[in-house]
Amino acid sequence: MFYRENGQFKSSYAADQQLLPILQDRVFMVALVAFAFVVVPLVVSDYVFLSLLIPFLILALAAIGLNLVVGYCGQISIGHAAFMAVGAYAAYNLVLRIPQLNFLIVLVLAGLVAAAVGMLFGIPSLRIKGLYLAVATLGAQFFMDWLFARVKWFTNYAHSGSVQTAPVELFGWSIDSPQEKYVFLLAVLILFTVIARNLVRGHIGRAWMAMRDMDVAAEVIGIRPVYAKLSAFAVSSFFVGVAGALWGFVHLGSWEPAAFNLTLSLNLLFMIIIGGMGSILGSFFGAAFIVVLPIVLNQLPQFLGIPMSTAMISHLEFMIFGALIVFFLIVEPHGLARLWAIGKEKLRLWPFPH
Amino acid sequence: MARNWPVVLLCAALLVGLALPLATGASPPGFYVEVLLGGLMTGVLYSLVAMGFALIFKASGVFNFAQGAMVLFAALAVARLAERMPLWAAILLGIVVMIALAFVIERVVLRPLVNQEGIALFMATLGVTFFLDGFGQTVWGSDIYKIDLGIAKEPVMVLQGLFQGGILINKEDVAAALVAVALVAVLALFFQKTATGRALRAVADDHQAAQSIGIPLNRMWVIVWSVAGIVALVAGVIWGSRLGVQFSVSLVALKALPVVILGGLTSVTGAIVGGLIIGVGEKMAEVFLGPVLVKTFDLAGGGIENWFAYVLALLFLLVRPQGLFGEKHIDRV
Amino acid sequence: MSQRGNPIGEVILSVEGVSLAFGGVRALTDVSFEVREHEVRAIIGPNGAGKSSMLNVINGVYHPQQGTIRFLGQTYHDMDPHETALAGIARTFQNLALFKGMSVLENILTGRNLRMRANLLLQALRAGPALREEIEHRERVEHIIDFLEIQPWRKTPVGRLPYGLQKRVDLARALAMEPRVLLLDEPMAGMNLEEKQDMCRFILDVNDHFGTTIVLIEHDMGVVMDISDRVVVLDYGKKIGDGTPHEVRASQAVIDAYLGVSH
Amino acid sequence: MADSLAGLDTFPKLLAHHAKARGALPALREKSLGIWQTWSWKRFADEARAFACGLAAAGFKRGDHLAIVGDNRPRLYAAMCAAQCLGGIPVPMYQDAAAAEMAFPIQNAGVEFALAEDQEQVDKLLEILPQCPALKRIYYDDPRGMRHYKQPQLAPYDTLLEQGRAALARDPALLETEIAKGSGSDTAAMFFTSGTTGNPKGVVLTHHALIDRAAAAAELEGLSDRDIVIAYLPPAWIGQNIFSYAQSFVTGYCICCPESAETVMTDMREIGPTYYFAPPRVLEALLTQVSIRMEDAGAIKRGLYRYFMALAQRVGGAILDGRPVGAADRLLYRLGDLLVYGPLRNVLGMSRVRVAYTAGEAIGPDLFKFYRSIGINLKQLYGSTETSVFVCIQPNGQVRADTVGPAVKGVELKFTPQRELLIRSPGLFKEYYKNPQATLEAKDPEGWFHTGDAGYLDQEGHLKIIDRVKDVGTLADGTLFAPKYLENKLKFFPYVKEAVMFGHGRDRVCAFVNIDMEAVGSWAEKRNLPYSGYTDLASRDEVFELVRECVEKVNADLAAEPELAGSQISRFLILHKELDADDGELTRTRKVRRGAIGDKYRELVEALHDGRQVVHVETQVRYEDGRTGLTSADLKLRDAKIFSPAGAKKAA
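Asks: I would appreciate a short explanation of the overall build of chain A in the present structure.
Replies: Within chain A, the secondary structure is distributed over 15 helices and 4 strands. Taken over the C-alpha trace, chain A has a radius of gyration of 21 Å; the compact-globule value for 354 residues is 20 Å, and the two agree within 12%. Projected onto its principal axes, the C-alpha coordinates of chain A cover approximately 65 × 55 × 45 Å. For chain A, the proportion of its 354 residues judged to be buried stands at 59%. Long-range pairs, those at least 24 residues apart, make up 76% of the contacts in chain A between residues at least 6 apart in sequence. As presented, chain A carries roughly 13200 Å² of accessible surface, and 71% of it is formed by carbon and sulfur atoms.

Listed below in structure tokens is the structure:
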């Protein structure tokens, strides 16, 4: 309905392959980013920042990471929180042991450590297919849980097993207030989103998708399975590792190993199933959904005057998550992102139905 | 057979590891046998859950992540029902509940997703896991509950003549093991001797062929999920009586996954053998390897049984991807 | 084959004494034949004769228990598919094996993957060399799209295309690899007459225009006789005939195999 | 149009001017290899000059003809200009013509050089080579499939271009001299018109004629080098060529060539032309598509569409014409523009259209109004190959559905007593090539061109065309009978694809009808009416009823026009096959050949007139591959109601 595409022709491949080829999309995106950077910090309350926006931004980043390996490369992982943990503890130890290191470098290094560990656990994917990998990654989850709980060096011999961090400092800017955290995270997320989009529309992204869609054919046309799968694990773990470091440093501030347990892994999976596997945009939808739903569940019964215990609410949350996963798999296996795409297509063709 | 040397090597290493505590004299023989038996006991339970898992995978190609959740759900059901009725009635009712659950899952989840890829079905069982965890705790409550099987829990000293100090054995454990073994036997009979069992095996061998000779797939799925549910219930009850019924049971039950990987996804025998190997292996590792690790690396406690099963399964995967008893898969292009 | 851009050359690929078995089932028994550069070589035989297995051995999907494949003068044993791809062997599939989550263009671009070099970091930033590379290969792919006349569908998800067109995309993807030898596994299976004619034309055009050597499996005997230079006949995993279409048609063993005379 | 074109009296001179004045601006775009490949004016000029030098080197001389066979392709346009540079004459030919049809123009024009787009066209030229011994060089643009052609006449475009480049580098002045030698009175191009009978005639047009008319129209519409045109009709038709060549050379605007015939709609959506020409049949096909696609929409969308289209019908035209409209309606129209008209224009690829023309045949008032009501400035013009197109154009604000507007600057109109329209204009053709007799018949010594069209000027000075003069006849009782007028009225119904009227010298009017397969097919599907194909559908009683309603509506309309009320359609039949140019029933531009049809189906005409109810027919049809076959059917004949003339007494 809002699309006016006449005259938006491409006279070069660069223009044809740009991120958002349609003018209206570019305008919308610029407006959205401007809104997020300028308007949101001015009007939103601390509560919304802390309980909604900050978790959303970090979880979106993690979901993008998981989506790269599961949604794009088709390699199932149910232990991605472990790589978040690796990122978080790597960052913790880097900051602890090399205090003068710039936090951005810490993030990159933490991501690299996570990538290395991710690759290690991705190695079984070379011998085994699909579902077996679930077990390998589940192993990673339990092993990492154990590692960070038991090996004292990682937690700097903290008695309780939990670690504390100071507020992040960046070029003299102390990222302390919710607004500052939000703006910092938003910038990081946008950067990583662009990187993810670039990767998936580059040849490495096509190699991943080829492995996912038809691995034998992919190998026959010359795609090296080792490289495709391990690079997917590495990049994915890098993203997730960075998200883990941010989750620890910016969102939690102090945490114990249980912060990155199996539940978080499953939640990440939930996000990409609901949001849309094989869609960067879907990762955002999924993250938003998982952040918003508990809050709605907490508020709604109150609002309707139905008393409900917190335990009840958390059980209800589980049930809704479960039902939604099955629902989406049956009705729209490509998740909210596909619904969005369909809506967009309808707008482009409006008033025609197809 | 030359290609099998890594497997041989791995098995040999396991055996050496198994023998090491005894050979080095790190453990008195009596204690060693106690640990071994304890491991076997847990292994039997793993085998039970893994059997349910392997059944479902064989018959419907579904990699059922919800097996652990089913164990918890069944255990919760029995525990809470037993508060209002005799245990046997609670168990019977629990079985009815599990069969009903199988119906619902087949109707709501499996049937709409028929012919989907394995990964989609796996994700669906993830959804079922979420749902069962939430639903179970909503309906049955989320505290820790006890199941009292009515068997005395005090340990009995046996074989005092053979080992110094004898071996402590829990009566309940023995009873549980017997029950499990009986169940395995019944299941084996069911598959070998009954028409339904044979139909199930036909389905497992070739879905399309089975359908073409008139075996109703949907009903088979209900049966197989019911059987898996009953197996889960037995496992849940036994576990519940030993450890109490709580959320962590579903995590422990997840160990069925490495078990089937080790044994081979499609093999019931594999599930049984795998369960025993992992049960013994992790117990041994925890008891004998754990302290060594703690001392060497200054760890904050052992707990390696949390991951040992997975690492073991992974090692097996790398040398023998199809598992001990699984069939080798050939790609068709 | 009255008109041909490239005269048939030296032996480019030879299959020497290949035997293959799955478990106890023998799929191929001591099969040998050669393929010359620029020729169109057909492999025919009744169902279950081992034709597809033969292709799978040539491009490394299966590894034969005995025998070797010589390609471009080198002997290969246990070569994996991506290695044969790199060496210059491409193939299409009997049952469509397109990447269904991608558009036509992306599918064909994957055929260029083995020639794309930009590293992860460059791709992540889509920095100069990565972007240049993308554009350069896009242009190559566009020529193939043009050649196979699939322009109106370049941005369509492959799953939405009719069967015949998907086959063409499969061919385009293989062509994008710029192979020396192109293996076609029943390129015309399931097509209607018009689609078959188109596909024949495309195969001959490819052979003529790019000089690609073609090895194809086909059921439609009319097609095989029309477009191939030489034919190998397999039956129960054994070679029972080898020669020009004319010779093969006259061979008693071949006639027997096709008429089902017992052995 | 900022720059003065004084002294630029030929196309090559204009091209040189643009290469200098706007060298970097796009002159031509072509969707090729997935993107819009762009030629700047400089590139265009370079290509044309190089090719010209190549042609010269190959022996192409002043006054030689260059046949150009193919679709809209930049290199073919460059070749047109290249020929003109040397004082030669490009002869664009229909790319969809059969080989046999191409022989006459090539023989007639004594063509020695030809440029073919691709293998398909080369094959046709080679086929007629024995009949055209003069044809000595055939160049081809697309080398695909040409590797094995060994004929000595053949050479690729690229080779000639390379030779031309080399020649140009050796002697740059030669071409300048040749271009300077050209003058406005030289022949610029020759277009063959497919007459309804006999051989086509080569219409000779001078540079001056084409440039003068192109400039006059450009001035009227205020065209500039920022306009964009999509070239999708055959370039051999003046109705494409004037827009994609002559006017572009005058204004410097950009021509866009679609990737292929199948992708025209998509390509047009991308390009978004600002200046657009479409014959009524194209507009009709588009509207049919819109209607059919809208029928699949959900109830809300359909309701919205219906509501706003009704509003547009009421006020859309007035708003476009700048006439006063109530504030509420204006506001609602704005809303409609956001919700329906804007998106619709976008989907049609017409969001940016400032000026759109339709011509070539009469356009249905509903069809015409539809486009105007959704805010597309569609206008009618009148012209022909012989007049370099622009004779009459409807100026903005004076657009009517039933007239074609007043004369464009420089044109004089007058009428014979038989109402035949005569034209005198700077754009008139020089002659029919090698056909002095036809030239004499068409153009009298005073310079008036006899159009053969019957019509008159209305009170506002707008031209109204009724029919061809030779077709206007009388019924047996002397009543005026204008068959084309009736046919058009009937064809304006979506269910009727073609109609042919017979009545001259008879006592009543009878009609042949071709139903529109797409429209009637979907109508039938909605009613669960099974059918196996055209013939089956066309013989259904339900369909006859449908057509009868259309015929009776036409009759009711006619009853209101005093002069034509007597010529209402009293009987009709639905023809068992679709009229086809390959069977000689339509011209290449899809006009019905009434005489040929009347001869071919004489028995049916007689049956209609003598009142039979059923008649058995067998006809020969020619299939696409050239084979012929027989089809036979029992045809039903039906009566239609005749209305008494408004306030009159005469009953039928």
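Asks: Help me out: how do you make sense of the interface of chain D and chain C in this one?
Replies: Often, the extent of an interface is quoted as the loss of accessible area upon association of its parts. The interface is formed by 9 residues belonging to chain D together with 18 residues belonging to chain C. Both faces combined, the contact of chain D with chain C buries some 1100 Å², and carbon together with sulfur accounts for 50% of it. Run the count over chain D and chain C and you get 4 salt bridges. For C:Asp205, the salt bridge goes to D:Arg144, with nearest N and O atoms at 2.9 Å. In terms of residue class, the side of chain D that touches chain C is made up of 1 nonpolar, 3 polar and 5 charged.

Asks: For this particular structure, what's the right way to read the pairing of strand S14 (residues 378-382) of chain D?
Replies: Within a regular strand, the side chains alternate between the two sheet faces. Residues and elements named next belong to chain D. For S14, a buried count of 5 out of 5 residues is recorded, marking the element as mostly surrounded by other parts of the structure. Two strands pair when backbone bridges link them, and strand S13 (residues 355-358) and S14 are joined in this way by 3 bridges, in the parallel orientation. Opposite Thr358, over in S14, you have Gln380 as the bridge partner. Read as a crossover between parallel neighbours, the route from S13 over helix H14 (residues 365-373) to S14 is right-handed. Bridge count for S14 against strand S15 (residues 392-393) is 2 bridges, and the pairing is antiparallel. Considered in S15, the bridge of Leu381 is made with Ile393.

Asks: Mind showing me how you'd approach helix H3 (residues 67-81) of chain B here?
Replies: Given 3.6 residues to a turn, an α-helix orients residues that are three or four positions apart in the same direction. For H3(B), which comprises 15 residues, the first-to-last C-alpha distance of 21 Å matches the rise-based estimate of 21 Å (1.5 Å per residue) to within 8%. Taken across its 15 residues, H3(B) has 14 buried, putting it largely inside the fold.

Asks: Please clarify how the interface of chain A and chain B should be interpreted in this entry.
Replies: Listed by partner, the interface residues are 42 residues for chain A and 47 residues for chain B. In total, about 4200 Å² of surface goes out of reach between chain A and chain B, with carbon and sulfur atoms giving 80% of it. Looking at the side of chain A facing chain B, the largest losses of area belong to A:Leu131, A:Tyr132 and A:Trp146, adding up to 16% of the total buried there. Run the count over chain A and chain B and you get 1 salt bridge.

Asks: Looking at this structure, how should I read the packing of aromatic side chains?
Replies: The relation between two aromatic rings is expressed through the spacing of the ring centres and the mutual angle of the planes. Summed over all chains, the structure comprises 69 aromatic pairs over all chains. Ring geometry for A:Phe143 and B:Trp307: centres 4.9 Å apart, planes at 85°, overall edge-to-face. Remark: B:Trp307 occurs in helix H13 (residues 305-319) and A:Phe143 occurs in helix H7 (residues 131-150); the pair is interchain, linking two chains. Residue class for B:Trp307 comes out buried when judged on its relative accessible area of 10%. Both rings, one in D:Phe11 and one in D:Tyr245, keep their centres 5.2 Å apart while their planes meet at 55°; by these two values the pair is tilted. Of the two residues, D:Phe11 is situated in helix H1 (residues 11-21) and D:Tyr245 in helix H9 (residues 238-251); the sequence distance between them amounts to 234 residues. Assessed through its relative accessible area of 3%, D:Tyr245 is described here as buried. What links up through ring pairs into an aromatic cluster is the set A:Tyr89, A:Tyr92, A:Phe103, A:Phe148, A:Trp153, A:Phe154, A:Phe184, A:Phe249, A:Trp255 and A:Phe260. The aromatic ring of D:Tyr432 is capped on one face by D:Lys201, whose charged end is 4.7 Å from the ring centroid.

Asks: I would appreciate a short explanation of empty space enclosed by the protein in the present structure.
Replies: Over the atoms, a rolling probe the size of a water molecule traces out where space has been left empty. All names here are of chain C. Per the counting criterion, the structure on display carries 10 cavities of 30 Å³ or more. Taken as a whole, the largest cavity encloses approximately 110 Å³ of empty space. Lining of the largest cavity is provided by 15 residues; of these, Val57, Ile58, Ile69, Tyr76 and Met79 occupy positions nearest its centre. Elements supplying a minimum of two residues to the lining of the largest cavity: helix H1 (51-58) and strand S4 (66-71). At 3 residues, the largest contribution of residues to the lining of the largest cavity is made by S4. Each residue belonging to the lining of the largest cavity can be placed in one class, and the counts come to 8 nonpolar, 6 polar and 1 charged.

Asks: What is the right way to look at the sheet that holds strand S20 (residues 463-468) of chain D in this model?
Replies: Sheet strands associate in pairs through backbone hydrogen bonding, adopting either a parallel or an antiparallel arrangement. Residue and element names in this part refer to chain D. The sheet built from 4 strands is open, its strands ordered S16-S17-S19-S20 with antiparallel pairing. Both edges of this open sheet fall to strand S16 (412-415) and S20, since each of them pairs with a single strand only. On average, adjacent strands in this sheet sit at an angle of 50° to one another, irrespective of strand direction. As paired elements, strand S17 (residues 420-424) and strand S19 (residues 449-457) share 3 bridges and run antiparallel to each other. Residue pairing for S19: Ile423 is matched across the bridge by Phe449.

Asks: How do you make sense of unusual backbone geometry when you look at a structure like this?
Replies: Apart from glycine, the bulk of residues carry a negative phi angle, and the bulk of peptide bonds sit in the trans form. The step from A:Trp350 to A:Pro351 runs through a cis peptide bond, and the omega angle for that step is 5°. Relative to the elements of secondary structure, A:Pro351 occurs in the segment after helix H15 (335-349). A positive phi is found at C:Glu186, a non-glycine position, where the angle reads about 45°. Turning to its location among the elements, C:Glu186 is positioned in the loop between strand S7 (181-185) and helix H7 (193-209). C:Glu186 gets classed as buried once you look at its relative accessible area, which sits at 7%. Of note in the backbone geometry, D:Asn528 takes a positive phi value of approximately 55° without being a glycine. Topologically, D:Asn528 is positioned in the loop between helix H17 (517-526) and helix H18 (534-538).

Procedures and definitions
- Residues numbered from 1 in each chain as written.
- Chains lettered and ligands numbered in written order.
- Predicted model: local features only at pLDDT ≥ 70, side-chain atom pairs only at ≥ 80, totals over all residues.
- Heavy atoms only, no water.
- Helix = DSSP H or I, 4+ residues; strand = E, 2+ residues; numbered from the N terminus.
- Rg over C-alpha atoms; globule rule 2.2 N^0.38 Å.
- Buried < 20%, exposed > 50% of the residue type's maximum accessible area, 1.4 Å probe, protein only.
- Contact = heavy atoms within 4.5 Å.
- Areas by Shrake-Rupley, 256 points an atom, 1.4 Å probe, with all protein chains shown as cover.
- Buried area = accessible area lost by both parts, 1.4 Å probe.
- Salt bridge = Lys/Arg side-chain N within 4 Å of Asp/Glu carboxyl O.
- Nonpolar A, V, L, I, M, F, W, Y, C, P; charged D, E, K, R; others polar.
- Pairing = 2+ DSSP bridges.
- Right-handed = clockwise from strand over helix to strand, strands pointing away.
- Expected span 1.5 Å × (residues − 1).
- Phe/Tyr/Trp six-rings, centres within 6.5 Å; stacked < 30°, edge-to-face > 60°.
- Lys NZ or Arg CZ within 6 Å of the ring centre and 35° of its normal.
- 1 Å grid on protein atoms, 1.4 Å probe; cavity = no way out; pocket = protein on both sides within 12 Å on 5 of 7 lines; lining within 4 Å.
- Points joined across faces, edges and corners; volume = space filled by probe spheres on them.
- Axes fitted to C-alpha atoms, helices over the stretch in contact; angles between N-to-C directions.

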